[in-house]
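This is what each chain is made of:
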Amino acid sequence: MAYDYDVLVVGGGIVGLATAYALVRERPGLAVGVLEKEDFLASHQTGRNSGVIHSGVYYRPGSLKARFAVDGAAEMVDFCREHGIAHEVTGKLIVAVDREELPRLHALAQRGRENGIPVRELGPAQITEHEPHVTGVAGLHVGSTGICDFPAVARTLAEQAEQAGAWLRPAEEAREIDHRRDGVTVLTQRCELRAGVLVNCAGLHSDRVARLAGDDPGVRIVPFRGEYYELAEERRNLVRGLVYPVPDPAFPFLGVHLTRGVHGDVHVGPNAVPALAREGYDWRTVRLRDVAGTVAFPGAWRIARRHWRYEVGELHRSLSKRAFTSAVRRLLPEVAAADLVPAAAGVRAQAVARDGSLLDDFAFAGFDPDVKAASPSRLVHVLNAPSPAATASLPIGREVARRALAALDAAGR
């Protein structure tokens, strides 16, 4: 097969762009293409997050999330500094609002230390020194957390990759994929493309792209919408930096938190509710194919049975501004409903196994250079890369590029 590209990346979010960037830096002259179905790159998870450079304090020591977040946070700050992208290392507070949360807060402090993260335990007076309007019985200050403009990071990665020879193809969707021993053929709405290796960084559609290529991913993407408010401009003085509650370890969401962004706005949220479309940013957006796929998946029903009480609370906060305000007031008692202005929502691409467990680490599939296979695959899949994937995008991109280049070499290309 004659190739149009040595490596073709499906998905033009920050992970796909970081992969293309890593590929052309690791192997100059490599023919790399990036397909993105939307008119603009980084249209979904990358362009709709809260802009936090996560420290890695929440993640199990030794996990990919812990390693890549810790390394990625430092690299992201360096990348932003090098390319003049708005950013700031602010630190953040994790606040226990009642004594029942203290064991979980102490466990987080220990986890942070195991991950090599600068953490400092605080009493009520020290919380007030950092955030005068926030109240709690104890807190944890995490020094390496920051904020940045992730859409600007994605644009810069795209520019750097393109300057090094990568081809970016927005408004082009992979509709059919034929994976053979001699290469991969991708049909889009415009043309047929041939590649030595295909990399699936399709985010909200990563499981579908895997199946399109003939692989069983073993998981399903179940979309959860994160709904935000912002503090009204005249009330932004209530929050200096980043303030988080102590998270529930049974669920992968961090709870309603307060985030001052690089442009001075203060995001409040998100709550997490099931979305009725993979790109369902409000209750009005319904795609029957997406709903039917979720309903038919056994893992979705098992999640519902396991976490229904939690989700009832999330749905209540979604439908009732008063309930959402009450959740915010646990951290910020002075806030009122009138202080909260609706903001853009995001959708988290959460991979769920058939047994209803939510994957709690980054997950890759397809060719694995560390496992000897009788018939090497020409496919590399990123099956689970929700938050902190933006923070960790540079090390994730290098890992995916490592797998793709090894697949190319194993195929004799």
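Structure shown above.
Residues numbered from 1 in each chain as written. Predicted model: local features only at pLDDT ≥ 70, side-chain atom pairs only at ≥ 80, totals over all residues. Heavy atoms only, no water.

Caption draft 1: Geometry of the side chain of Ser-50. In this structure, Ser-50 sits in the loop between β2 (32-36) and β3 (52-53). You can call Ser-50 buried: its relative accessible area is 15%. In contact with Ser-50, not counting residues within four places along its chain, are Tyr-228 and Thr-259. (Helix = DSSP H or I, 4+ residues; strand = E, 2+ residues; numbered from the N terminus. Buried < 20%, exposed > 50% of the residue type's maximum accessible area, 1.4 Å probe, protein only. Contact = heavy atoms within 4.5 Å.)

Caption draft 2: Geometry of the sheet that holds β3. Spatial strand order, β3-β8-β4: three strands in an open sheet with antiparallel pairing. The open sheet has two free edges, formed respectively by β3 and β4 (87-88), since each of these has just one partner strand. Pairing of β3 with strand β8 (residues 146-148), which is carried by two bridges, proceeds in the antiparallel orientation. Considered in β8, the bridge of Val-52 is made with Ile-147. (Pairing = 2+ DSSP bridges.)

Caption draft 3: Fine view of the packing of aromatic side chains. Applying the stated rule across the entire model yields five aromatic pairs. Looking at Lys-92, its charged tip hangs above the ring of Tyr-244, at a distance of 3.8 Å from the centre. Between the NZ or CZ atom of Arg-225 and the centre of the ring of Trp-283, over which it lies, the distance is 4.4 Å. (Phe/Tyr/Trp six-rings, centres within 6.5 Å; stacked < 30°, edge-to-face > 60°. Lys NZ or Arg CZ within 6 Å of the ring centre and 35° of its normal.)

Caption draft 4: Helix α8 (residues 298-319), seen in detail. Here α8 contains 22 residues, and its C-alpha end-to-end distance of 27 Å is more than 12% below the 32 Å for a straight helix at 1.5 Å per residue. Every buried residue of α8 is accounted for by Gly-299, Ala-300, Ile-303, His-307, Glu-311, Glu-314 and Ser-318. (Expected span 1.5 Å × (residues − 1).)

Caption draft 5: Highlighting the environment of Ala-275. Locating Ala-275 in the fold gives a position in the loop between β16 (266-274) and α7 (288-295). Sequence-wise, Ala-275 and Val-347 are 72 residues apart; in three dimensions their C-alpha atoms are separated by 7.4 Å. With residues near it in sequence (within four places) discarded, Ala-275 still touches Pro-223, Phe-224, Arg-225 and Gly-280.

Caption draft 6: View of the environment of Val-197. When you line up the elements, Val-197 lands in strand β12 (residues 192-200). A relative accessible area of 0% places Val-197 in the buried class. Sequence separation between Val-197 and Glu-121 is 76 residues; the distance between their C-alpha atoms is 48 Å. Discounting residues that sit within four places of it in the chain, Val-197 has contacts with Asp-6, Val-7, Leu-8, Arg-378, Ala-404, Ala-407 and Leu-408.

Caption draft 7: Layout of the pairing of strand β15 (residues 257-260). Of the strand pairs in this sheet, strand β14 (residues 242-245) and β15 are connected by two bridges, and their pairing is antiparallel. Considered in β15, the bridge of Leu-242 is made with Thr-259. In the sheet, β15 pairs with β16 via four bridges, with the strands oriented antiparallel. Bridge pairing in β16 places Arg-260 opposite Val-266. Connecting β15 to the next strand, β16, in antiparallel fashion are five residues, including Gly-264 with a positive phi near 90 degrees.

What is shown is where atoms sit, not what they do.
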